[in-house]
Amino acid sequence: MKLSKNYEPGQYEDDIYALWEGSEAFVPKDRGTGKTYSVVVPPPNANANIHIGTAMTLGLEDIAVRYHRMKGDKTLFLPGADHAGFETQAVYEKKLNKEGKSRFDFTREELYSQIFSFVGENRAIFEKQFRGLGASLDWSRYTYTLDDHIVNNAYKTFKKMWDEGLVYRGERLVNYCTYHGTGFADIEVAYEEATTPLYYLKYGPFELATTRPETKFGDTAVAVHPDDSRYKEYIGKNITIEGVNGPFEVMVIADEMVDREFGTGVVKITPAHSFDDWEAAQRHNLPAVRVINHDGTLNEKTGQFRGMSIEDGRKAVVAAMKEKGLIIKVDKDYKNRVGKCYKCGTIIEPMMMKQWFINMQPLTKPALEALKKDKITFYPDSKKQQLITYLEGLRDWNISRQIAWGIPIPAFQNVDDEDDWIYDDQVSEKIIERDGKTYHRDPDVFDTWFSSSSWPYATLKYPDSQDFKDFYPLSLMETGGEILYPWVSRMLMLGLYMAKDIPFKEVYIHGYVMAEDGSKMSKSIGNVIDPLPVIEQYGSDALRMGIIAGRSPAVNRGYDPRKVEDARNFCNKLWNIARYVEGKLDGHTPGKPTPTSLADHWTLQNMNYCLDSVTSALENYRFAEAYDTLYHFVWDDVADWYIEASKIEENLDMMSYVLQTCLKMLHPFAPFVTETIWQTLQPDEDLLAIMPWPKQMKADKEKAKTFEDVRVIVSEIRFIKNQLKIQQVGLFHKEEAFIEENAELIKKFARLQAVESVSDGHGLNLTETPFDAWLNIDHSAIEQFVGSLKDKQAEHQASIKQLEGRLGNKSYVKNAPRKIVDQTKTQLEEAKAMLDKVASEINRFKD
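Every value quoted in this text rests on a predicted model; they were computed, and no experiment measured them. (Residues numbered from 1 in each chain as written. Predicted model: local features only at pLDDT ≥ 70, side-chain atom pairs only at ≥ 80, totals over all residues. Heavy atoms only, no water.)

Asker: Any chance you could explain the sheet that holds strand 21 (residues 417–423) here in plain terms?
Answerer: The strands that make up a sheet pair up through hydrogen bonds in the backbone, lying either parallel or antiparallel. Strand order across the open sheet formed by four strands is 21-20-23-22, with antiparallel pairing between neighbours. This sheet does not close on itself; its edge strands, each paired only once, are strand 21 and strand 22 (431–434). Neighbouring strand axes in the sheet, compared pairwise and without regard to direction, differ in orientation by 35° on average. For strand 20 (residues 411–414) and strand 21, the ladder comprises four bridges, and the chain directions are antiparallel. Bridging across to strand 21, Phe-412 finds its partner in Ile-422. Where helix 5 (residues 148–164) meets the sheet, its contacts fall on strand 20 and strand 21, and the angle it forms with strand 21 comes to roughly 125°. (Pairing = 2+ DSSP bridges. Helix = DSSP H or I, 4+ residues; strand = E, 2+ residues; numbered from the N terminus. Axes fitted to C-alpha atoms, helices over the stretch in contact; angles between N-to-C directions. Contact = heavy atoms within 4.5 Å.)

Structure follows, in C-alpha cells:
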C-alpha cells in the first residue's frame, strides 16, 4: 500500500486503533529495562460525553505512557469511569425535569435503577471517545467505581476506620443544598463574591450587624472580643433581647473569633446555622437551635414566619423588625463570600445533621510527613506547599450523602435504640436481625470522593494481585488543579492508611482549558468545546498536539483553534515528507545508514540534539517544550533543508533512517499519523507503538558546521531574493575559500545563476554573513525597495500615533468595552513591532 496524496485521518484512525488493540500492544510487558511505569486515568464522570479538558488529560497521560513503553518499561495505562454519585444524580434529575418528572416521583430503588441504565449508555459512548483520542489504554483492566472490588475496598476502609474509632456518627453542622437535599464536604462548596445587605440591629444594650436576621430565632449568645474595652462589663452576663415574637435572653460571651472591625464588634451567635458560631458554641458549651428545615423553609421556632423560604422569611423578618424599630440601618453594598451548590447555584445552608464523619487528624499526619520529606514530586512544585497548607487546616470529613445513586453506607441502626449502630456490608437488605435486635440500614450513600480515594490501589486489586505488586505506587497521577484538594489529598491519605505507601511518585497538575476569550467554559454559557467535531475536522493527532502547544503545568489557558490548525498542517508536512521518501525508496531496501554528505552530518547532529532535548523534556513532563522542539526539527531542519539537500546529494539509507527516527520521536504526540506511515513503509516491522525509543548516531561535527555555514549564506540569499522579488542573480566573493569549496551546493540551494570569485565588484553585500560576498543586484532596485520600506515606516508611525492618542484618552479607556481597549493595546504592540522590523530592514538594505 502506498501513501495517498493527502492525509485524511478519518480514513485511518479507527483501523489503526483496532490494530493496536488486536495486537495487545497496550498490555503491560517487560521489554528489557526491568522497570515499570503506571498511570491510572482519573475516571471521568459516566454521565455525559467527554469534554475538551478530558481530551487534554488523556493526551498528556498518553504522551508519557507511550514514551515509557517505547523506552522498554513494563507500562500500564488503566482506564476507568466514575459513577460520580451526586453529579450523576443531578444530571439525571435535569433529564427528569425536562420530561416533566421529579426524583420524588420514584422510590430510591427505582431512581437508582434508572440512573444505572442511564450511566450504562453513556459509558459505552465515552469509551469509544477514549479510543478516538488514541489513548493507549489496557482495556482488559477497565475499572468502574461501582465494580465489586472498588466497592469492597470502600467497605474494608470504612470497617477498618470503624474498628479503629476514626469514623464516627455525630450531629454537627454540614454544608447542605436545600434544592438537591444532600450534604457536601467543605471542599465541594463553590464560593462567590456577592453583594449582600448588612443589617444593623438593635440587640438589647447593643447594636450589631448581620447578613442573616432570619436566623435570630436560633441565637443562643452574643459574642464580643475579650480585649474589647467597650463591652467588658457585659461579658458573662445574660441580656434581654426584644424580638418580633417577644423578648428572649442570651448570654454575652468573649471569644477571639470576633473581628472588632466588623460592624460594631458585636456578633450574634447562631450555632445551628454558622460554622464559626458552631465552633464558638463548642468552646462555650452553648446549645444549638435549628430554625431552618431541610427543604429550605423556616420552621416552627420562627413562629409567624414558619413555612416561608429563607429569602422570603428574611424580608418578612426585616419588615417586622422595622415596624418595632429594631432595624437601625442597612448597608446595601456589603461585600462578602457566599457558598453555593456547585451544581445548581443554590446558596449552601449550614445545617445541623447527624452524619458519618472521619476523624482526619490521624490521616493527615502521615500525609504531611510524606509531603515534607519530598516523597512525591509535584509539577509544578508550588502545588506541594498548597497541599500541605490545606491538610494542616483540614476539618473532619462528612462522608454521608442523602442521595439514591452511590455506594450504600454499610451501617445499621437499632430500631429501638438510635445510638446503637452496627457495621454490616449486607447493604442489599433494608432490615436485618442481629442478636434478637432489629436494625435498619442507613439510607445514605458514601461521598464519591471517599470511594474514589482508593483508586490508585483498588484498581490494581489490592492487596494480593500481581498488578498491585508491580505497579503500586503509581508512577504518575496527572489531573486538574480543581481536584488537588478533594481527590489528590484523599488518595494520599487513604493510600498511606490502607496500602501503607504513597499512592503515586509524581503528580502533574494541568491548568484549565479556558474558552477562547480566556473565560471559564460553561455549559450554561454555551462556550464548552466538544472535542469530537474537532477530531472529525482536523484529526485526533492535531487536537492532541494543538491542545498541549504552549501549555505549562497548572497554568490556565484559552483554547486556541489556530494551534490545532497548525498541528494539522504539521501532520500534513510529515505525511508529505513520508511520501517523498516513499517515492525515493521505491524498489530500494534500506541498509545500514551511513552519513556521507554535509547535510547528512548536519541533520544527524541536529537530530541528536532534538532527541536529547525531547527525552529530557519528557522525563520531566515538559510536554509543550518537547512538542515544540520536534515541530521545529521536522519542519525547519528535515523538511526545509534535509529533504532539499537530498535532491542534490542523495543518501537513501540515511533518508530512511531520519524518517524512521522522526516517526519514533513523534509517536507519543501523534500516534495515528506516525503509525499509519510506519505501517505503510515498514509493513514487516513490529508496530511503531512498541518500537524502542531511538538512540543517537555519531555525526562529524566539522562537516555539520560546514553545512550550517552554507545554510546561513543560503538563508541570507533567499531572504534578499524574496524581499526584492528577484529570481535571476549571481553571487560574487573575494577569494573566500569556504564559498569556493561549497559553490555548487550554495548555487543549487539558493538557485543562483553563478557563484564566482572576483577581485572587485558591486551589488548588495551579505552583511548577515561573515564573508566578503555580494549579490550582483542593481542599486536602483535596492533604492526602490528601501523607498517602499520608508513608506511602510511612515504608515506604522502614523498608526502608532493614532493608537497612542486613543489610549491616552481617559474617557475612551474608561468607557469603551474592555475587549475593545485590549484590542487597541494589542494593535499598538503589533504596530511598534512592525515599525522596529521595518527600521531594521531599511538599515540592512541601505548599508
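Asker: What is the right way to look at helix 23 (residues 743–750) in this model?
Answerer: Residues three or four positions apart in an α-helix share a direction because the helix packs 3.6 residues into each turn. All of the buried residues in helix 23 are Ala-743, Leu-745, Ile-746, Phe-749 and Ala-750. Taken end-on, helix 23 shows its buried residues confined to a sector of 165°, consistent with a single buried face. Residues of helix 23 that are buried make contact with helix 17 (598–619), helix 18 (623–646), helix 21 (701–724), strand 29 (731–733), helix 22 (737–741) and strand 30 (755–757). Arg-751 sits one or two residues past helix 23 and shows a positive phi near 55°. (Buried < 20%, exposed > 50% of the residue type's maximum accessible area, 1.4 Å probe, protein only. Arc of directions from axis to C-beta.)

Asker: I keep staring at the state of the cysteines and nothing clicks. Help me out?
Answerer: Taken as a whole and assessed by the stated rule, the structure comprises zero disulfides. Unpaired in this structure, Cys-571 has its nearest cysteine sulfur neighbour in Cys-662, at a distance of 14 Å. The structure places no disulfide on Cys-662, whose sulfur is separated from the nearest cysteine sulfur, that of Cys-610, by 7.3 Å. (Disulfide = S-S within 2.5 Å.)

Asker: How do you make sense of the pattern of salt bridges when you look at a structure like this?
Answerer: Tallied over the full model, the rule gives 43 salt bridges. Asp-447 is the salt-bridge partner of Arg-401, the closest N and O atoms lying 3.1 Å from each other. Note that Arg-401 is positioned in strand 19 (residues 400–401) and Asp-447 in the loop between strand 24 (445–446) and helix 10 (448–452), a separation of 46 residues in sequence. You can call Arg-401 buried: its relative accessible area is 3%. Residue Asp-447 is classed as buried on the basis of its relative accessible area, which comes to 2%. Connected through shared salt-bridge partners, Arg-212, Glu-214, Arg-314 and Glu-349 make up one network. (Salt bridge = Lys/Arg side-chain N within 4 Å of Asp/Glu carboxyl O.)

Asker: It is not clear to me how empty space enclosed by the protein should be interpreted in this structure. Could you clarify?
Answerer: To find leftover empty space, one rolls a probe the size of a water molecule over the atoms. Under the counting rule described, the total for this entry stands at five cavities of 30 Å³ or more. Taken as a whole, the largest cavity spans an internal volume of roughly 140 Å³. Contributing elements (two or more residues each) for the lining of the largest cavity: strand 5 (167–177) and strand 18 (397–398). In terms of residue count, the dominant contributor to the lining of the largest cavity is strand 5 (four residues). When the residues that make up the lining of the largest cavity are grouped by side-chain class, the tally is 10 nonpolar, two polar and five charged. (1 Å grid on protein atoms, 1.4 Å probe; cavity = no way out; pocket = protein on both sides within 12 Å on 5 of 7 lines; lining within 4 Å. Points joined across faces, edges and corners; volume = space filled by probe spheres on them. Nonpolar A, V, L, I, M, F, W, Y, C, P; charged D, E, K, R; others polar.)

Asker: I would appreciate a short explanation of the side chain of Thr-769 in the present structure.
Answerer: Among the structural elements, Thr-769 can be located in the loop between strand 31 (764–765) and strand 32 (773–775). Leave out the neighbours within four places in its chain, and Thr-769 touches Val-712, Ile-713 and Glu-716.

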